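Reading the structure
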Amino acid sequence: MTGKTLHLDDFIPYRLSFTAALLSDSIAQSYERLFGISIAEWRVIAWVAERGTITQQQICAQSRMDKVTVSRAAIALTERGIVQRLPHAQDRRSHLLALTEEGQRLHDAIAPKALELEGRVFSHFSAEEVETFVAMLRRIDAIVLGDAG
């Protein structure tokens, strides 16, 4: 036993979770107010825009969002004409998601706002601090996923 006492507010996994939730909630309020979409819907739009076409399963794997959240977001976006479902030639049990023209316009409107929100928070840090922070987050990801050598 190390004698170290757990103080939740100083526990790094808690701090990461708390800060991520705080930032995500702030962004979600902006997206809802400005564009009428949820954070989950934005993440689906962003992944589809980045990949061109992508399956819901791939979004789950890349984003760590659960299947139900991705499914609900994809259904809502499809119903609103933002995303379309296309046949998946390699896997007939799933579909590929693609942005519609309206979806592309929405992405093009939101992406600069997303970068602006990110810039507002991280403008308080030097470029080197941000680069180090992102590198540390990626290393944590690799360690947790068992990919760190």
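Above: the structure in question.
Rules and cut-offs
- Residues numbered from 1 in each chain as written.
- Predicted model: local features only at pLDDT ≥ 70, side-chain atom pairs only at ≥ 80, totals over all residues.
- Heavy atoms only, no water.
- Pairing = 2+ DSSP bridges.
- Helix = DSSP H or I, 4+ residues; strand = E, 2+ residues; numbered from the N terminus.

**Notes on the sheet that holds strand β1 (residues 54-55)**
Strand order across the open sheet formed by three strands is β1-β3-β2, with antiparallel pairing between neighbours. Each having just a single partner strand, β1 and β2 (83-87) make up the two edges of the open sheet. With two bridges connecting them, β1 and strand β3 (residues 95-99) associate as antiparallel partners. Considered in β3, the bridge of Ile-54 is made with Leu-97.

**Topic: unusual backbone geometry**
One non-glycine residue, Arg-64, lies in the positive phi region at around 65°. Along the chain, Arg-64 falls in the loop between α3 (56-63) and α4 (67-79).

**Focus: the environment of Trp-47**
Its place among the elements puts Trp-47 in helix α2 (residues 39-51). Counting along the chain gives 16 residues from Trp-47 to Tyr-31, while the straight-line C-alpha distance between them is 16 Å.

So far we have only geometry, and geometry alone does not tell us how the molecule works.
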